[in-house]
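Residues per chain are reported as follows:
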Amino acid sequence: MSTSDVTASGIRTLSYRDALNEALHEEMDRDPATFVIGEDVGRHGGVLQVTKGLRERFGPGRVRDTPISEAGIVGVGVGAALTGSRPIVEIMYIDFTLLAADQIVNQAAKARYMFGGKARVPLVIRTQGGAGRGNAAQHSQSLEAFYAHIPGLVVVQPSTPADAKGLLKSAIRDDNPTIFIEHKLLYNTNGPVPEGEHLVPLGEADVKRLGSDVTVIATSRQVVFALEAAQQLAAEGISVEVVDPRTIRPLDIDAIVLSVRKTGRVVVVNEAARTGGLTSEIAARIMDEAFWYLDAPVVRVAAADVPIPYSEALELEAIPGTADIVAGVRRVLTEEP
Amino acid sequence: MSLGRDRLVELLHQMWRIRYFEREVIRVYQRGLVRASTHTYVGEEAIAVGACAALRSDDWITSTHRGHGHIIARGAELEPMMAEILGRANGTCKGKGGSMHIADLELGILGANGIVGGSLGIAAGAAFTSQLLGDGRVTLAFFGDGGLHQGIFHESASLAGLWKLPVIFLCENNRFAEFTRAEIVLPIPFAQLHERARAYGLEGVSVDGNDVFAVHDVVAAARERAASGEGATLIVAHSYRLEGHNIGDPETYRTKEEVAEARANDPIPRFAARLIEEGVLDEDEAARIEQEERKRAAEAVQYAMSSPEPDLQELLSDVYV
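Procedures and definitions
- Every chain begins its residue count from 1, and numbering advances along the sequence as written.
- Whichever chain is written first becomes A and whichever ligand is written first becomes 1, with later ones labelled in order.
- At least 70 in pLDDT is required for a residue's local features to be given in this predicted model, at least 80 for side-chain atom pairs to be given and counted, and no such filter applies to totals for whole chains, interfaces and linings, which use all residues.
- Labels follow the DSSP assignment, with helices taken as runs of H or I lasting at least four residues and strands as runs of E lasting at least two, numbered in each case from the N terminus.
- Atoms counted for the radius of gyration: C-alpha only. Globule rule: 2.2 Å times residue count to the power 0.38.
- Burial is judged by counting other C-beta atoms within 10 Å of a residue's own C-beta: 20 or more means buried, 12 or fewer means exposed, and anything between counts as partly exposed, with every C-beta placed from the backbone.
- Contacts are defined on C-beta atoms placed from the backbone: any two residues whose C-beta positions lie within 7 Å are in contact.
- A helix is expected to span 1.5 Å for every residue after the first.
- In this classification, the charged set is Asp, Glu, Lys and Arg, the nonpolar set is Ala, Val, Leu, Ile, Met, Phe, Trp, Tyr, Cys and Pro, and all remaining amino acids, among them Gly, are polar.
- In these notes, a nonpolar core means any group of buried Ala, Val, Leu, Ile, Met, Phe, Trp, Tyr and Cys residues linked to one another through C-beta atoms within 7 Å.
- Here the rule is simple: two strands pair whenever DSSP picks up at least two bridges between them.
- Angles here are taken between N-to-C directions and fall from 0 to 180 degrees, while the axes themselves are lines fitted to C-alpha atoms, restricted in helices to the stretch in contact.
- Each domain's extent is set by a domain assignment, obtained either automatically or from a database.

Enquirer: Tell me what's going on with the overall build of chain B, and back it up with residues and numbers.
Expert: When helices and strands are tallied, chain B shows 11 helices and 7 strands. Its C-alpha radius of gyration of 19 Å places chain B within 12% of the 20 Å reference for a compact globule of 321 residues. Taking all 321 residues of chain B together, the buried fraction comes to 55%. Considering only contacts within chain B whose residues lie at least 6 apart along the sequence, 75% involve residues at least 24 apart.

Enquirer: Break down helix H3 (residues 70-82) of chain A for me, citing the residues and quoting the values.
Expert: Residue and element names in this part refer to chain A. For H3, spanning 13 residues, the distance from its first C-alpha to its last is 18 Å, which sits close to the expected 18 Å at 1.5 Å a residue. Among the 13 residues that make up H3, 13 are buried, leaving the element largely enclosed by the rest of the structure. Gly 84 sits one or two positions beyond H3 and adopts a positive phi of about 110°.

Enquirer: How would you explain the interface of chain A and chain B if you had to name every residue and give the values?
Expert: The partner chain B presents 35 residues to the 36 residues of chain A that form the contact. If you list the elements that add at least two residues to the side of chain A that touches chain B, you get H3, helix H4 (101-108) and helix H5 (111-114) of chain A. For the side of chain A that touches chain B, the class distribution of residues is 14 nonpolar, 17 polar and 5 charged.

Enquirer: Got a sec to walk through the nonpolar core? Specific residues and values, please.
Expert: Formed by 198 residues in total, the largest nonpolar core has its most connected members in Val216(A) and Ile168(B). The leading source of residues in this core is helix H1 (residues 5-30) of chain B, at 10 residues. If near-sequence neighbours (up to four positions away) are discounted, Val216(A) is found in contact with Ala226(A), Ala229(A), Ala230(A), Val240(A), Val242(A), Val267(A), Val269(A), Ile325(A) and Val329(A).

Enquirer: Help me get a handle on the sheet that holds strand E2 (residues 139-144) of chain B, residues and values and all.
Expert: As a general point, the strands of a sheet are linked pairwise by backbone hydrogen bonds and lie either parallel or antiparallel. Residues and elements named next belong to chain B. Strand order in the open sheet made by the 5 strands is E1-E2-E3-E7-E6, with parallel pairing throughout. Strands with a single pairing partner mark the edges of an open sheet, and in this sheet they are strand E1 (60-62) and strand E6 (203-208). Each strand of the sheet is rotated relative to its neighbour by a mean of 20°, with strand direction disregarded. Where E6 meets strand E7 (residues 233-238), 6 bridges bridge the pair, whose relative direction is parallel. The residue of E7 that forms the bridge with Glu 203 is Thr 233. Helix H8 (residues 212-227) contacts strand E3 (167-173), E6 and E7 of the sheet and is inclined by roughly 175° relative to E7.

Enquirer: Could you give an account of the sheet that holds strand E3 (residues 63-65) of chain A, naming the residues involved and the relevant values?
Expert: Residue and element names in this part refer to chain A. The strand order across the open sheet built from 7 strands is E3-E2-E4-E5-E7-E6-E12, with neighbouring strands paired in mixed fashion. With partners counted over all chains shown, the strands left at the sheet margins are E3 and strand E12 (247-249), one partner each. Each strand axis lies, on average, 20° off the axis of its neighbour in the sheet, ignoring direction. Pairing analysis gives 4 bridges linking strand E4 (residues 86-91) to strand E5 (residues 124-129), with the strands arranged parallel. Note on E5: the bridge partner recorded for Ile 91 is Thr 127. Where helix H7 (residues 161-173) meets the sheet, its contacts fall on strand E2 (34-38), E4, E5, strand E6 (154-156) and strand E7 (178-183), and the angle it forms with E7 comes to roughly 160°.

Enquirer: Now, about the domain arrangement of chain A: what can you tell me, with residues and values included?
Expert: Interface size is commonly expressed as the accessible surface area that is lost when the partners come together. Residue and element names in this part refer to chain A. Domain parsing of chain A yields domain 1 (11-194) and domain 2 (206-334). The straight-line distance from the C-alpha centre of domain 1 to that of domain 2 is 26 Å. In this assembly, 24 residues from domain 1 lie in contact with 24 residues from domain 2. Every element with two or more residues in the side of domain 1 that touches domain 2 is listed here: helix H6 (144-148), E6 and H7.

Written out as structure tokens, the structure reads:
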């Protein structure tokens, strides 16, 4: 690991990319039923270098380059998962998973239920989502709510290198089909990552910063912005708690309610277009389960309801950032009960 | 065909079993006991029976929305199948799947599939597992002429060719894609369909899908090829769908005369006649087999009718492991 910095405690600083790579190495080493297929994943090590070294280590049988063929790649994953393998397939951008939507939504997600509980689909679909790099409308979407809408799927979005490693290892061991969404602008971020057996349970939120005045619920790269916003607001004496659900489905509503009970004020942040997005769902769940603890209406900070534009100025305007979250917190604090 | 007398007799049993099962399905449907569109395999029995006879007991199959025949030929019991079609608790899938989603992994059945072509990728994936494990299993994917048009056929065939997966893609040309004559929407003649195999590095072969012996032989050869690592095969079996797309289809796209003509080539009497001609059985035995299977199908309806409705607690189970 080029970015590793081994310490005595077994916790090193790793990049998000290398943390994912380490998880893949460890799990493929642990379970011979795992394999990796996808575009460029073998000889090239993946367009994001997340699968680097796997082909050399585990051989060309278990790490295979595929044609540009998303439906076929996921279809093979579903069939292999049904028959005892633990496939880890890479779809380069989440936008391209739509080419495999039948395989994901109609096949993988439903096989167990349709077959009366007799099937298991231990499939992991690794993919990169999110905006911010000028990739424009077909390479920048945040489709987590789209997949979280489908019963049968697990949807995961790590925001830190440690979560990236721990969640990927858990997803690979889990017997349900999982959409594992990495963020394109987090691969180069660094953070402490435990060595070896580090598992983050699926469906468990993490409080990334403790606070008492406002709860900010954010996922993926927006967690980074939420923490920046919390830092800025702390200077003004505003105490912000940042909750990262980490798994979108199943959603850890208990952790969210716990924080809402403490602060009474909530800002929900998501990089996807606002309508029908994750902010809508989380706000509704808070209405269902924590309405009487609220001192103000839930504030939503989400992307504009537009395809992600190419121009840097327009893209920055479209997606939320630190300033938007700061503004959201100020807004929720000015509402009177 | 290298099958002994007992196996041949069993195959005739299977063909009548499928035929009478489907007749009972039509009856219960017409009595209003089936909730959704249901597709019968009448007329195509020789394909499922011939193909499954050439498979090893631990091989995998994938099926289609017209899947009852494949599943019966693979050895499934009629009672839970009929109960499933009636949405009952004792159904193969506890009443959660219905006609288009019957699966039995213990029998190697990776599911019927409500999406045309939907199981082709799954078949390639099952073959991938076998290739990784070296378990010698082969996967056979039944699909229709309609499925040939789907993108997933192209992608699955391409991956199967690239990796020499132990898979057989068995296309059943039943001459109709839902309510449209297959030739109207096919860019090439029926006789050339199997030639598509070459584009993917597969072996391609065409066969009379109403001839059990012929189907068995091409599938046996394809199985041998797949198991020995030589690669996948596309088989196009030409048959004729004697019933409509679904039960209740008014069949405005064909004449009664055309169907009557096709009935003259019904694969079951044809197979029975061949067995009689070759001295495998006599006419009385053949008639007895038919009656036995007629009775068995009727008993499956009795079983299904007396099967309870699912417990409402079942609604929320089986979504996740």
